Amino acid sequence: MSTSSHEIAATLLRAGAVHLQPDDPFTFASGLRSPIYCDNRLLIGDVAARRVVTRSFEAACTGAEVIAGTATAGIPWAAWVAEALGLPMAYVRGAAKGHGRGRQIEGAAVSGRHVALLEDTISTGESALAAAAALRAEGAELIGCVCIFTWGWQASRCLCHRRTAADRADDAAGAAGCRRARGIARRRAARAGRRLGGRSTRLGRAKWQIAAGCPAKVE
């Protein structure tokens with residue numbers, strides 16, 4: 001059974017993963033600031049939520065021969081999805097180890113194999129792009145990078161080059177789910193006496209998305 005973008009968005013809200021701080025914006029690792037923060041790490045401790053997300057990841061990994069996760073946030077998702085699909089798993093470090101075998105990619109061999117890369121959140125896309133480059137350098141054919149939450153910024157859209165009609169349909173479905181989730185978030189903020197759009201941040205008017213593509217497939 002496939003999982004809709006709305007179900008993913010609702011799952012994140014029920015799990016308490018979506019946090020709003022319009023008066024004191026969150027700071028990302030990139031230095032960008034945002035009134036919204038999606039803490040997907042909470043999902044690994046929520047059995048019901050992680051089952052919903054894992055099922056959606058499985059559906060997005062069609063054609064993969066290896067499931068890879070980014071270190072560290074993508075590792076548990078890659079492990080659950082690889083186990084469910086009966087596929088080998090690998091994970092990609094932020095950099096090669098400075099000791100031992102000095103490897104950056106651990107686990108299954110990826111050379112000459114179709115690899116799906118899993119990440120929990122993509123904002124500027126720096127870590128996912130670095131992981132994708134490492135996989136390609138090892139000879140992997142990256143068929144997609146899939147995440148739970150993305151801002152959909154242009155910088156992250158060069159992760160993959162193959163795009164299908166199904167992907168475009170997923171994007172449309174995801175956009176509908178995002179609009180609904182965004183409306184819920186704004187109403188909650190309004191009830192607390194705040195307004196999401198009225199405060200200046202370095203993100204400006206950037207569009208935010210929850211699980212576009214069920215989860216989000218970044219192209």
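For the structure itself, look to the data block above.
A brief report on the enclosed structure follows.

Reading guide: rules and limits
- Residues numbered from 1 in each chain as written.
- Predicted model: local features only at pLDDT ≥ 70, side-chain atom pairs only at ≥ 80, totals over all residues.
- Heavy atoms only, no water.
- Helix = DSSP H or I, 4+ residues; strand = E, 2+ residues; numbered from the N terminus.
- Buried < 20%, exposed > 50% of the residue type's maximum accessible area, 1.4 Å probe, protein only.
- Contact = heavy atoms within 4.5 Å.
- Areas by Shrake-Rupley, 256 points an atom, 1.4 Å probe, with all protein chains shown as cover.
- Axes fitted to C-alpha atoms, helices over the stretch in contact; angles between N-to-C directions.
- Parallel < 35°, antiparallel > 145°, perpendicular 65-115°, else oblique.
- Left-handed = near helix turned anticlockwise from the far one by under 90°.
- Nonpolar A, V, L, I, M, F, W, Y, C, P; charged D, E, K, R; others polar.
- Polar contact = N/O pair within 3.5 Å; in protein donor to acceptor, adjacent residues only side chain to side chain.
- Phe/Tyr/Trp six-rings, centres within 6.5 Å; stacked < 30°, edge-to-face > 60°.
- Salt bridge = Lys/Arg side-chain N within 4 Å of Asp/Glu carboxyl O.
- 1 Å grid on protein atoms, 1.4 Å probe; cavity = no way out; pocket = protein on both sides within 12 Å on 5 of 7 lines; lining within 4 Å.
- Points joined across faces, edges and corners; volume = space filled by probe spheres on them.
- Pairing = 2+ DSSP bridges.
- Right-handed = clockwise from strand over helix to strand, strands pointing away.

1. Concerning the overall build of the protein
Logical step 1: Each helix and strand counted, the protein has five helices and eleven strands in total.
Logical step 2: Counting only residues that meet the buried cut, the protein has 46% of its 219 residues in that class.
Logical step 3: Within the protein, counting contacts between residues at least 6 apart in sequence, those at least 24 apart form 68% of the total.
Logical step 4: Only carbon and sulfur atoms are counted for the fraction: they give 49% of the accessible area of the protein, which is about 10,600 Å².

2. As for the packing of helix 1 (residues 5-14) against helix 2 (residues 47-60)
Logical step 1: Remark: helix 1 packs on helix 2, axes separated minimally by 10 Å, with the N-to-C direction vectors making an angle of 150 degrees. Compared by their axis directions, helix 1 and helix 2 come out roughly antiparallel. Once helix 1 is placed against helix 2, the crossing between them reads as left-handed. On helix 2, the residues touching E7, I8 and T11 of helix 1 are A49, V52, V53, R55 and S56.
Logical step 2: Here the residues of the contact of helix 1 with helix 2 are counted per class, giving four nonpolar, two polar and two charged.

3. What about the packing of helix 2 against helix 3 (residues 75-85)?
When two helices pack together, their arrangement is captured by the angle between the axes and the distance separating the axes.
Logical step 1: With their axes 9 Å apart at the nearest point, helix 2 and helix 3 run at an angle of 65 degrees to one another. The hand of the helix 2/helix 3 crossing is right-handed. Residues R50, V53, T54, F57 and E58 of helix 2 pack against W77, W80, V81, A84 and L85 of helix 3.

4. Structural notes on the side chain of S34
Logical step 1: In this structure, S34 sits in strand 3 (residues 33-34).
Logical step 2: Here the side chain of S34 touches I36 through a polar contact of 2.9 Å, landing on its backbone oxygen.

5. Remarks on the packing of aromatic side chains
Here the distance between the centres and the angle between the planes together describe a pair of aromatic rings.
Logical step 1: Scanning all chains against the criterion turns up five aromatic pairs.
Logical step 2: Relative to W80, the ring of W77 has its centre 5.2 Å away and its plane inclined at 75 degrees; by these criteria the two rings are edge-to-face. Of this pair, W77 and W80 are both found in helix 3, three residues apart, which corresponds to roughly one turn of the helix.
Logical step 3: Taken together, F28, F149 and W151 form an aromatic cluster joined through their ring pairs.

6. Some remarks on the pattern of salt bridges
Logical step 1: Taken as a whole and assessed by the stated rule, the structure comprises four salt bridges.
Logical step 2: Residues R55 and E7 are paired through a salt bridge, measuring 3.2 Å at the closest nitrogen-oxygen approach. A residue pair is termed long-range when its members are at least 10 positions apart, and R55 in helix 2 and E7 in helix 1 qualify at 48 residues.
Logical step 3: Put simply, E106 and R93 hold a salt bridge, and the shortest N to O gap is 3.3 Å. Of this pair, E106 sits in strand 7 (residues 105-107) while R93 sits in the loop between strand 6 (89-92) and strand 7, placing them 13 residues apart in sequence.

7. A closer look at the layout of surface pockets
Logical step 1: Roughly 550 Å³ of internal volume is contained in the largest pocket.
Logical step 2: Taken together, 25 residues make up the lining of the largest pocket; nearest its centre are A29, D120, T121, S123 and S127.
Logical step 3: Contributions of two or more residues to the lining of the largest pocket are made by strand 4 (36-38), strand 8 (114-122) and helix 4 (126-137).
Logical step 4: Sorting elements by how many residues they give to the lining of the largest pocket places strand 8 first, with four residues.
Logical step 5: Split into classes, the residues belonging to the lining of the largest pocket amount to ten nonpolar, ten polar and five charged.

8. Regarding the pairing of strand 9 (residues 141-150)
Logical step 1: For strand 9, a buried count of nine out of ten residues is recorded, marking the element as mostly surrounded by other parts of the structure.
Logical step 2: In this sheet, strand 9 lies alongside strand 8 in parallel orientation, the contact comprising eight bridges. Of the residues in strand 9, the one forming a bridge with T121 is F149.
Logical step 3: With helix 4 bridging strand 8 and its parallel neighbour strand 9, the resulting β-α-β unit is right-handed.

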